[in-house]
Structures are given as structure tokens and as C-alpha cells.
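Overview (structure and organization)
This is what each chain is made of:
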Amino acid sequence: MADLDPYAAYSRESLVAMLRWQLEAGVTEALSPEPYDRFSAAAAAPAATTAGQELPPAYAPTGDSPLAQARRHKGRIAAPPPPATADAKPVNLADLYQIKDLDGLRAAVDAFEGSSLKRYATNTVFGDGAAGARIMCVGEAPGAEEDRQGVPFVGPSGKLLDRMLAAIGFARSDVYIANTLYWRPPGNRTPTPEERAQCLPFLMRQIELVGPRAIITLGGPAAQTLLNEKTGITRLRGKWFDFQTRPGLAGGMELPLLPTFHPAFLLRQPAQKREAWQDLRAVRDKLAAQP
Ligand code: URA
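Every chain is numbered independently, its residues counted from 1 as its sequence is written. Under the rules for a predicted model, residues below a pLDDT of 70 receive no local features and side-chain atom pairs below 80 are neither given nor counted, while totals for whole chains, interfaces and linings still include all residues. Values shown for side chains rest on all heavy atoms present in the structure; no hydrogens or waters enter the calculation.

**A few points about the site of the ligand**
Formally: Here a residue counts as near a molecule or strand whenever at least one of its heavy atoms sits within 4 Å of it. In protein, a polar contact requires one atom able to donate a hydrogen and another able to accept it; more generally it is a pair of N or O atoms within 3.5 Å, and residues adjacent in sequence count only if both atoms are side-chain atoms. Nonpolar residues are Ala, Val, Leu, Ile, Met, Phe, Trp, Tyr, Cys and Pro. Charged residues are Asp, Glu, Lys and Arg, and all others, Gly as well, are polar.
Around the ligand lies a shell formed by Gly139, Glu140, Ala141, Pro142, Glu146, Pro152, Phe153, Ser157, Asn179 and His262. Between a nitrogen atom of the ligand and a side-chain N or O atom of asparagine 179, the distance comes to 2.8 Å. Between an oxygen atom of the ligand and a side-chain N or O atom of histidine 262, the distance comes to 2.8 Å. Tallied by class, the residues present in the shell around the ligand amount to four nonpolar, four polar and two charged.

**Topic: the pattern of salt bridges**
Stated formally: Any Lys or Arg side-chain nitrogen found within 4 Å of a carboxyl oxygen on Asp or Glu counts as a salt bridge. Strands here are runs of E lasting at least two residues and helices are runs of H or I lasting at least four, both read from the DSSP assignment and numbered beginning at the N terminus. Here the term buried applies to any residue with accessible area under 20% of the maximum for its type, exposed to any over 50%, and partly exposed to those in between, with areas from a 1.4 Å probe on protein chains only.
Using the criterion set out here, one finds nine salt bridges in the structure. Across the pair arginine 246 and glutamate 208 runs a salt bridge, and its minimum N-O distance is 2.7 Å. Taken together, the residues span a long stretch of sequence, with arginine 246 in the loop between strand S4 (241-244) and strand S5 (254-260) and glutamate 208 in helix H8 (residues 193-210) at a distance of 38 residues. Neither arginine 246 nor glutamate 208 differs from the other in exposure class; each is buried.

**Quick notes on the packing of aromatic side chains**
Stated precisely, the cut-off is as follows: Two rings from Phe, Tyr or Trp (for Trp, the six-membered ring) form a pair when their centres are within 6.5 Å of each other. A pair whose planes differ by under 30 degrees is stacked, one over 60 is edge-to-face, and the rest are tilted. Counted as over-ring charges are cases with an Arg CZ or a Lys NZ within 6 Å of the ring centre that also lie within 35 degrees of the ring normal.
Inspection of the entire model under this criterion finds five aromatic pairs. Plain terms: the ring middles of tyrosine 182 and tryptophan 183 are 5.9 Å apart, the flat faces sit at 75 degrees to each other, and that makes the pair edge-to-face. According to the relative accessible area criterion, tryptophan 183 is buried, its value standing at 1%. With centroids separated by 6.4 Å and ring planes inclined at 85 degrees, the aromatic side chains of tyrosine 182 and phenylalanine 202 adopt a geometry described as edge-to-face. Of this pair, tyrosine 182 sits in the loop between strand S2 (175-179) and H8 while phenylalanine 202 sits in helix H8; the two residues are 20 residues apart in sequence, bridging distant segments of the chain. Looking at tyrosine 182, the relative accessible area reads 0%, which means it is buried. The residue whose ring lies beneath arginine 246 is tyrosine 97, and the NZ or CZ to ring-centre distance is 3.4 Å. Positioned over the ring face of tryptophan 240 is lysine 286, at 4.6 Å from the centre of the ring.

This is the structure:
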């Protein structure tokens, strides 16, 4: 059996070092129990450009690795697909405002090719809940479990979020939950400002179509994205903001927004739950005071 094991030749230390290297590179999923050598596969694949045409013979694979081919042809090998944003059309706000329901918006997000994150994600994580929810929670970005299921906040921080909402008398089904990004950044890295900006017009329209009475942002990045702020969450949390979905434009929605800590942070720092609890009570009182 041992001679069938592709790793039998490596010491335990080498295997641990390889695993650590992969983790540091952002690998969080084991897709197959068997190793897959992409370098050999790429070298054996029929030559084609991204447009699907045959490559000129000088660029055709010769059985050696892509790196060796690149050296032999001074870097001129078949280019990888261009970044998703290269020729993608920017979001047209007039088209977005024509979308009248969440299903239509979900279809528009699914069809959107302007975010390079989409290429690396397993699923689009659009949102969870129904139009008319009184509270909308907005988190940062889908994590590994959310990417797998296509639903926001279903991992460990989602379980805590459900308990936080229950503490003020709201079931998860009473609330609409979304993120500032629809696709998981590879390895859960922090999304760039450009990546946030690409999704923001959709999120603004999503808020309009849900029509909540108040927004709770979870964690610093969500608050900073929606409020266009650089201030950290410790100073933003617990304060009410007048939020507008179309700042400087006519026809949007204006509603109260309260930033609080992200449940993932509270899992690491349970001592901060007291403040989060105060924030949620403030939301409950705000809604109770609304006509
Ligand atoms: N963290 C987030 O910000 N969003 C999710 O959906 C899950 C974890």
C-alpha cells in the first residue's frame, strides 16, 4: 500500500512544511483526496488561446512545464484568461434602478462579470431573507461555509448572529442578511477598495428593494463601506447614522444605520459582547419607537 502513497517519499517534516506553505498561500479547502499536478496537465493540454484558436506551433506545448515554456519563448506563452474586470461593462445605475424585485437583482448579480472575485468563488452569496424585513444586517464578505452553501452567515459567526438577534426578539427569518461582497475573497483575504466598489451599487439597490426600517452593519469594513468612512469600528459602533442609498442623487432611501461589532470578533473577544448587546437593544428601541 505504501508504494501507492504519493507522499511516502517525504518525511513528516517536509509534509508539514508543504501544508503550512499551502495554508499561508490561502488554501482552505481540500478538493480531492488525490493530488492533482496542474503543471503536467497544462503541458499535456491541447494548445488554445483564450479565444479558443489553435496556438502557432512555436507556442504549442512540448511536454515541459509552463515555466520552462515561458523561458524558451521569452515569456510569450498562451496568456491566462484576462482579469474579469478587463473588458467588463461597469454597472449602469439607470438599469439597476429599473430592477423592481430581489429576484431580478439576484439575476443581475449572477450575470455581472465585473468582479474578479467571482472567478474564484464556488457560489454567489446574494442574501438571505425577504423583502419587507424590518432589520437588514450587512456583514463583510462570505466565508468558507457561506461560499460552499451560497447563503450568508451560516458558519460559526452566523450561529452567534442568530443568537444576538434572538436576544432582541427577532428570528433569523424576520431579518434580511447580506454582505458588502457577493463572492468570497480567496483565502478570506481583506477585499480591496475596488472590489468593494464593484459590488456597492448592487448592495445599495438591494437595500432599497428590501426596504428595512434600520440597518445593522457588522464589523468595521461593512460600516466603512456603507458610510464611506475610514474611522475604526470601536469609534463607529453604537452610534446612529443617517444612511442614504443614493447620496447626492434623487430617489433613494434614507434610513437609520447602526454599526456594531462583527460576530466573528465577538467569538474571539467575548468580553465585547456587552457592548454589542447594548447596540442591539438600541436597535430594538429604535424600531419600537417608529410609527
Ligand atoms: N462573515 C461575514 O462578514 N459574512 C458572512 O456571510 C460570514 C462571515
